Amino acid sequence: MPIDQGWKKATGSVMLTEKKIEDQGPLKPTGWLVRISETFAGLTPQILEGLGGTESSPRLGSEYHVLPAAAGETWRRTEAARFVRWNLPVHHSWPCRPPKIENFVERAAQALARKFAAHHPQTVLTGPLLPVAGTDYYKSLASNLRGRVLQLFPPLAVKGQEAESQNPEAPTLFVLVGKAGLFAGIQSPREANGFYPGGTKFISQSTPGTISRAGAKIAEALHHLLLHRPALPEDSHWLELGASPGGMTAELLARGHRVTAVDRAWMDPRLDRSRKLDFVHVDASEFQPPPGARYDALLSDMNGGAQHSMTLVLRFIRSLKPGGLVVFTLKLPEAASVPDITDIAGRVIRQAATGGLSLISWTHLSYNRQEFTLFLERL
Ligand SMILES: C[S@@+](CC[C@H](N)C(=O)[O-])C[C@H]1O[C@@H](n2cnc3c(N)ncnc32)[C@H](O)[C@@H]1O
């Protein structure tokens, strides 16, 4: 169906039928929206400078900043890019105070459809710009906006709310709204580093019966991993180093996985009856996998120095299946500077590569504190 026709049919709006959707050529960003976690607030001026922005780069809410268009895509190759949790080329912006704009949703939706329908995003996802409590107004504004945009666009490949059903490599139109206005751009979820506007899905840490808050961290990590590879099948066997008290273990077991958990501290007794859990109360430096053990994945959330933890992980490389996954929490010293952090991270990644693990992805999750989560696989 020609785009014009689809447009008229979809909108049924007198005003819009006069507008023709035409391919206006490649979209050019007027800047880059980058999200830097508040955990690194003290380092943000250094990070922005490293990305090619400046301390005076506009700040939108607590975690979003705009890099100038001149930074181009080169920011991705800088060391500071490690700190960017999510990003978006700004192909369209409407700086305004949404509550003060009459018919904001209708006007915003029409502008988005005019600008982006010809670019055939797989879907349109909208979200609030401020990832903090009290954003109910912007959440519902974003949701209303999505509803109206979906009416205006020609049929999209992904219509439902399930952001994970997107193709991670296909372009998506992401739209953020907040106190500073509306920002939109087209990019694949993988390039953006998240399926959702702003990053990952919100996973609550306070479900009754939660053993430790780390459960939400591995849930979010596994959600992030879908950007790069399919989910591990049920019954996959994990070796977990530094498992106590067992928040992550409980999450893996809840997914039907088998877990061999190793820690020098004890596990929460609520896990005692899990048939798929084998707990070994020993230091990871002393643990010997049973002969012939072949793990599908290894998880390390051990505290202590990052390089020492990686040394312990690499002890088990031969027990990991080829292509096997490693999820590794890279703990960082408090008060480390940007060069210190990139230096530690670089060493750990080189150490992993020498030991036979290649990096799939690297991110800062909502539940990461002074640490990153690394995803690697056995070569
Ligand atoms: C942050 S906690 C892990 C929390 C856990 N992931 C959860 O979900 O509840 C770190 C754990 O690593 C363990 N650990 C640190 N170094 C270790 C080592 N060399 N061998 C075994 N356990 C270690 C500590 O005993 C501690 O229980």
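The structure we're discussing is the one just above.
As a starting point, this report considers the structure included with it. Residue numbers run consecutively from 1 along every chain, following the written order of its sequence. Where local features are concerned, this predicted model is filtered to residues with pLDDT of at least 70; where side-chain atom pairs are given and counted, the filter is 80 or more; whole-chain, interface and lining totals use all residues. Calculated side-chain values reflect all of the structure's heavy atoms, with hydrogen atoms and water omitted.

1. Here's the deal with the site of the ligand
One heavy atom suffices: a residue is near a molecule or strand as soon as one of its heavy atoms comes within 4 Å of it. Taken together, 20 residues form the shell around the ligand, and within it Ser212, Met248, Asp263, Ala284 and Asp301 come nearest. Under this definition, polar contacts are N or O atom pairs within 3.5 Å; protein pairs additionally need one hydrogen-donor-capable and one acceptor-capable atom, and for neighbouring residues in sequence, both atoms have to be side-chain atoms. Gly242 is positioned with one of its backbone polar atoms (N or O) 3.4 Å from a nitrogen atom of the ligand. Backbone polar atom of Gly246 to an oxygen atom of the ligand: 3.1 Å apart, as the coordinates give it. For accessible areas, the Shrake-Rupley method is used with a probe of radius 1.4 Å. Any residue's cover is judged against the shown protein chains and nothing else. For the ligand, the accessible surface in isolation is 600 Å², of which the surrounding protein chains cover 87%.

2. Here we look at the environment of Asn193
By the secondary structure assignment, Asn193 is in the loop between helix H6 (189-192) and helix H7 (214-225). For Asn193, a relative accessible area of 13% gives the class buried. When the C-alpha atoms of Asn193 and Leu227 are compared, they prove to be 7.6 Å apart, with 34 residues separating the residues in sequence. The contact definition used throughout considers only heavy atoms, calling two residues in contact when any of these lie within 4.5 Å. In this view, Asn193 contacts Val84, Arg85, Trp86, His224, Leu227, Ser361, Trp362 and Thr363; residues no more than four positions away in its chain are not counted. Within polar-contact distance, the side chain of Asn193 engages the backbone oxygen of Arg85 at 3.0 Å. Within the structure, the side chain of Asn193 is placed 3.1 Å from the side chain of Thr363, a separation counted as a polar contact. Secondary structure is summarised from DSSP: a helix means a run of H or I of at least four residues, a strand means a run of E of at least two, and numbering begins at the N terminus for each. The rule is simple: take the accessible area with a 1.4 Å probe, protein chains only, and divide by the maximum for that residue type; under 20% is buried, over 50% is exposed, in between is partly exposed.

3. Structural notes on the sheet that holds strand S10 (residues 258-263)
Ordered in space as S11-S10-S9-S12-S13-S15-S14, the seven strands form an open sheet in which the pairing is mixed. Since the sheet does not close on itself, it has two edges, and those belong to strand S11 (277-281) and strand S14 (357-363), each with one partner. Averaged over all neighbouring strand pairs, the angle between strand axes comes to 15°, with direction disregarded. By the bridge criterion, six bridges tie S14 to strand S15 (residues 371-378) in an arrangement that is antiparallel. Along S15, the bridge assignment pairs Leu359 with Leu376. Throughout, an axis means a line fitted to C-alpha atoms (over the contacting stretch in the case of helices), and angles, computed between N-to-C directions, take values from 0 to 180 degrees. Packing against the sheet, helix H9 (residues 306-314) makes contact with strand S9 (237-241), strand S12 (295-300), strand S13 (320-331), S14 and S15, and its axis sits at approximately 160° to S13. The strands touched by helix H10 (residues 338-354) within the sheet are S13, S14 and S15, with S14 carrying the most contacts at an inclination of about 150°. The criterion for strand pairing is that DSSP finds at least two bridges linking the strands in question.

4. Brief notes about the packing of aromatic side chains
Aromatic rings from Phe, Tyr and Trp, with only the six-membered ring used for Trp, were paired whenever their centres fell within 6.5 Å, and each pair was classed as stacked if the ring planes differed by under 30 degrees, edge-to-face if by over 60, and tilted otherwise. Evaluated as defined, the whole model comprises 10 aromatic pairs. A centroid spacing of 5.6 Å and a plane angle of 75° characterise the contact between Phe83 and Phe372, whose relative ring orientation is edge-to-face. One end of the pair, Phe83, is in the loop between strand S3 (64-68) and strand S4 (84-89); the other, Phe372, is in strand S15, and 289 residues separate them in sequence. As far as the burial class goes, Phe83 and Phe372 line up, both buried. Among the aromatic side chains, those forming a connected cluster through ring pairs are Phe40, Phe83, Trp362 and Phe372. The aromatic ring of Trp362 is capped on one face by Arg82, whose charged end is 4.4 Å from the ring centroid. Only lysine NZ and arginine CZ atoms are considered, and such an atom sits over a ring when it is within 6 Å of the ring centre and within 35 degrees of the ring normal.

5. Things to note about the side chain of Thr200
Relative to the helices and strands, Thr200 resides in the loop between H6 and H7. Among the polar contacts made by the side chain of Thr200, one reaches the side chain of Glu220 at a distance of 2.6 Å. Sequence-distant contacts of Thr200, that is, excluding residues within four places in its chain, are made with Arg85, Glu220, His223, His224 and Ser366.

6. Quick notes on unusual backbone geometry
One can expect most non-glycine residues to show negative phi and most peptide bonds to be in trans. With an omega dihedral of 5°, the bond running from Ser244 to Pro245 counts as a cis peptide bond. Of note in this structure, His120 is not a glycine but carries a positive phi near 50°. Position of His120 relative to the elements: it lies in the loop between helix H4 (104-116) and strand S6 (124-128). Notably, Asp235 is not glycine yet its phi reads approximately 75°, a positive angle.

7. Quick look at the nonpolar core
In terms of nonpolar packing, the biggest core is built from 50 residues, with Leu51, Leu330 and Leu357 touching the most fellow members. Either an automatic procedure or a domain database provided the assignment from which the domain bounds are taken. A domain-level breakdown of this core finds at least three residues from each of domain 1 (3-192) and domain 2 (214-378). For Leu51, the contacting residues outside a window of four places in its chain are Val34, Ile36, Leu67, Ala71, Trp75, Thr78, Ala80, Ala81 and Val84. The set of buried Ala, Val, Leu, Ile, Met, Phe, Trp, Tyr and Cys residues whose side-chain atoms join them within 4.5 Å is what this entry labels a nonpolar core.

8. Structural notes on the pattern of salt bridges
We define a salt bridge as a contact between a side-chain nitrogen of Lys or Arg and a carboxyl oxygen of Asp or Glu at a distance within 4 Å. By the definition in use, this model includes 16 salt bridges. Note that Glu63 is salt-bridged to Arg35, the shortest N-O span being 2.7 Å. Of the two residues, Glu63 is situated in the loop between strand S2 (59-60) and S3 and Arg35 in strand S1 (residues 31-36); the sequence distance between them amounts to 28 residues. For the pair Glu63 and Arg35, one class covers both residues: buried. In this structure, the salt-bridge partner of Arg190 is Glu169, at a minimum N-O distance of 3.9 Å.

9. A few points about the sheet that holds strand S7 (residues 172-178)
An order of S5-S8-S7-S6 is seen for the four strands of this open sheet, with the pairing classed as mixed. Strand pairing shows two members of the sheet lacking a second neighbour, strand S5 (92-95) and S6, which therefore form its edges. Taking the axes of each pair of neighbouring strands and ignoring which way they run, one obtains an average angle of 15° across the sheet. By the bridge criterion, four bridges tie S5 to strand S8 (residues 181-187) in an arrangement that is antiparallel. Along S8, the bridge assignment pairs Trp94 with Leu182.

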